[in-house]
Structures are given as C-alpha cells and as structure tokens.
Amino acid sequence: MSAEFITFGAPQIEREEIDEVVRCLESGWIGTGPRVAQFEAEFAAYKQIQYAAAVGSCTAGMHLSVLAAGIGPGDEVITTPLTFCATVNAIIHAGATPVLADVDAATMNIDPAQVEARITPRTKAILPVHFAGRPCDLDSLKAIADRHGLKLIEDCAHAIETTYHGRAAGTFGNFGCFSFYATKNVTTGEGGMILTRNEEDLARIKMLALHGMSKDAWKRFSDEGYKHYFVLEPGFKYNMMDLQAAIGIHQLRRVEANWLRRQQLWNLYNSAFADLPIETPGDPQPDTRHAYHLYTILIDEAVANTTRDEFLEGMTERGIGVGVHYLSIPEHPAYQEKFGWRPEDWPKAMRIGRQTVSLPLSAKLTDEEVARVIDAVWTVLRARSKELRAKREEVSAKTQEVSAKSKVQDEHSLALTA
Ligand SMILES: Cc1ncc(COP(=O)(O)O)c(C=O)c1O
C-alpha cells in the first residue's frame, strides 16, 4: 500500500489513548477490570442511561441480547436486509430464525410497514439497524413492538451519537448494542457495549458474557482475597479487556468534537457532489441527530455512465479507500442456501446494495485528504463519461459508415438489376 493511500475508516488515535494503554500494561491488570467499569459508567452517562455492559464486540452484544430477550429455536426476529452479516448471524446463533423486512429507499432504514406485514405468531422481536447513523422510525417501530408484545433490540453499530426526538439511540429498545470496531466513531480496536433498561437484564448479560459465572475475575482475584465462583448457566467468552477500555475512555471524550468534524465533511461532500450524476444521502429527518458514520453515494450505471464496481476500482487506483455498506443480505450464498432467499424479494435493499459506495468520513481526514477524495470522485465519474462518450461517438461513426456502405451497395445492385 502506498504511503498516500487513504485508508477507509482509519481511526483517530491520540496521545491520551496511547499513554492510557501503556499505564494499563504497566498496572498488572490488563483483563476485564477497573478500566472496563469506568468505560461502562462513562458510556452510560453519555447515553443518559443507567445500565451498560461492555463486551468484546457488537456481534457478541446482539447475540447476548437476543438470548437475554428469551428468544430461541422456533422464534422469529424481524430485521433489515441492508446490514452487516453480524446482525443476521446473531439471530441465527441464538437458534432463532431471521425474517427480513425491506428498507425505505430514502432513509435506507427498515420500513415499519414491511415489518408489520411480516409479523407471525412466532415473531418475538424486531432488530432494526440505524443505518449509517440515521435513526430508524422509532415511534412506529416501538408502536408495532408494543402492539404485538415484541422485544425491540437496536443495532446501534453506526449510531453512537444518534438521537431521535431528543433521546439517545439504544435507549428505546429493551437492548441497544454498540460497536467499537476499528472503523467506528468510537473505537477500542474490537469491542462493544450493550445498554439495558433494567438491572435484571444487565445482570444476565454480564453473567452470560463471562462463561455464565457468578463472579468475574477482577472480583475473584481482588485484594479482598480469593472468592469462589459458580457457573449458573453455560455462557460465552464475550468480555471486554481493560486494554481495550483504555482506548475507549479517551475516544469517548472526543466523540462530540469528532462528530462535528464529520458533519463538516458530510456537508462539504454534499455541496461538492451536487452537480454530479449520483445520488447523495438525504438530509437528516427533523428532530433527529444523524451520527454521520457513513457517507454513502449511489451510482446508477444508467445515469452515471459507469458501474459501481468500476467506480470502486477508479477510486482505489487514485489511492482512496472506499467501502460498500452493504450488499444486501440475500446476496450471500450462506443465506440463500439456508433460507432460500433471493435478493429480488427485497428490491430496495438489493438496489442500494448494488449501487452504493461509502466514501472516507473519518475525523482523522485532513483538509488536503478530503480535497483528494472530492477530486477523485469527480475525476473517476468524468473520465468514465468521457470514455463512454468517445466510445459512443466511435460506434455511431461506424454505424454511419456501415449504413453509407450498404446504401452504395444497394444503389449498385439496383443499377445491376435495372
Ligand atoms: C450494522 C452493523 N451491525 C453489527 C456490526 C458488528 O459489529 P462488531 O464488529 O463490533 O461485532 C457492524 C460492524 O461493522 C455493523 O456495521
């Protein structure tokens, strides 16, 4: 990779994180301990909620949430086809069956009307994703959940800063699951957080996240002396380490400053691309706050004169790291084989998945790098349309030549028969 390559989603790591990791390494305790407890408390305070449990990933968080919601074999969970595979896998790992409800084309979020249409007597929960950081229609989803007695589990992997009608995403459902993966708005390298609405759910999540044990290691080995533990149910190894929390604590302190920077980049992109033959993301809905996690454009070949994949190649050639969020879930062979799904059955997610490109939106980007991204988008689209125009002119010149020739031939044969 050349030094100039702009890595998609590169995290912004500062001196504070580095120093805290070193202090943690030197402290004698790098596993789950006081730094995880501090990160949980500070994240809960940021989200203005009481209960938060740090885990190893958002995937682990969703798996535990589905289990803690009492969902298992024979149950159905409705989710979106426009998401990362982890959302669907978490449902499958809990032994339940995922059911897909198509998205709204403009918001790219799950369409409540489609959710309602897919409810059966086996439906136990709705698992929406706040796509790109834009909140779902939570009023409608909550009303559906309440009407049918369903649990609501929010996939907030993109939505750390998101609010809906003044309230934080992740606090509407029974569980809200966040990701601190390397490309996310707050990162711990790998990591996740689950928000719960009550102490019982929190206790069950914490127990399941650590083998189903009655006490975690920090409590067993503390200076109060060794304490026995008992396994209360067979759990998982889904805990976060202090080493990860050491990064997260300082990342969280910059969450708002980074959000402002990404908002600035988002607006810059919007005005820079206004005249291009591509679709840019819609404005945030009134009385909501978008987390600006992903800036996605849609490349419709018929309008842009280039395919999405050619565009991706063009950007990579120019040293710009780009992403695809996401090919719709039914495009993947694993789900086609398991459930017989076909992408065409969720046409809106399919179209987005086949046309979408995510541009770099990290707070780490310098002004010069942002200018390079904008320039590359223009150059790739213009180069491609120029190429196509030239090709079209060549084809029409050839067609004219052929028809001129056949005209001469026709006249010649006419003259012969006369
Ligand atoms: C929408 C969505 N859900 C879930 C996940 C899984 O997060 P994690 O990598 O923390 O398990 C991701 C991560 O990319 C995501 O984008």
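Structure first, text after, so check above.
Worth saying up front: this structure is predicted, and the values here are computed from it rather than measured.

Draft legend 1. Just the site of the ligand, in detail. The full set close to the ligand counts 17 residues, and T59, D155, S179, K184 and Y326 are the nearest of them. The side chain of D155 places a nitrogen or oxygen atom 2.7 Å from a nitrogen atom of the ligand. Separating an oxygen atom of the ligand from a side-chain N or O atom of H158 is a distance of 2.9 Å. For the ligand, the accessible surface in isolation is 390 Å², of which the surrounding protein chains cover 93%. Looking at the shell around the ligand element by element, the count peaks at three residues for helix α3 (residues 58-68). A per-class count over the shell around the ligand returns eight nonpolar, seven polar and two charged.

Draft legend 2. Structural detail: the sheet that holds strand β7 (residues 167-168). Here three strands make up an open sheet; going across it, the order is β7-β6-β10 and the pairing antiparallel. The two strands at the open ends of the sheet, each matched to only one other strand, are β7 and β10 (288-289). The sheet contact formed by strand β6 (residues 163-164) and β7 spans two bridges and is antiparallel. Paired with Y164 across the bridge in β7 is R167.

Draft legend 3. Representation of helix α12 (residues 308-317) within the structure. Of the positions making up α12, those classed as buried are R308, F311, L312, G314 and M315. Relative to the axis of α12, the buried residues are bounded by an arc of 165 degrees and lie together on one face. Downstream of α12 by a residue or two, G319 has a phi angle that is positive, lying close to 80 degrees.

Thresholds applied
Residues numbered from 1 in each chain as written. Predicted model: local features only at pLDDT ≥ 70, side-chain atom pairs only at ≥ 80, totals over all residues. Heavy atoms only, no water. Near = heavy atom within 4 Å. Polar contact = N/O pair within 3.5 Å; in protein donor to acceptor, adjacent residues only side chain to side chain. Areas by Shrake-Rupley, 256 points an atom, 1.4 Å probe, with all protein chains shown as cover. Helix = DSSP H or I, 4+ residues; strand = E, 2+ residues; numbered from the N terminus. Nonpolar A, V, L, I, M, F, W, Y, C, P; charged D, E, K, R; others polar. Pairing = 2+ DSSP bridges. Buried < 20%, exposed > 50% of the residue type's maximum accessible area, 1.4 Å probe, protein only. Arc of directions from axis to C-beta.

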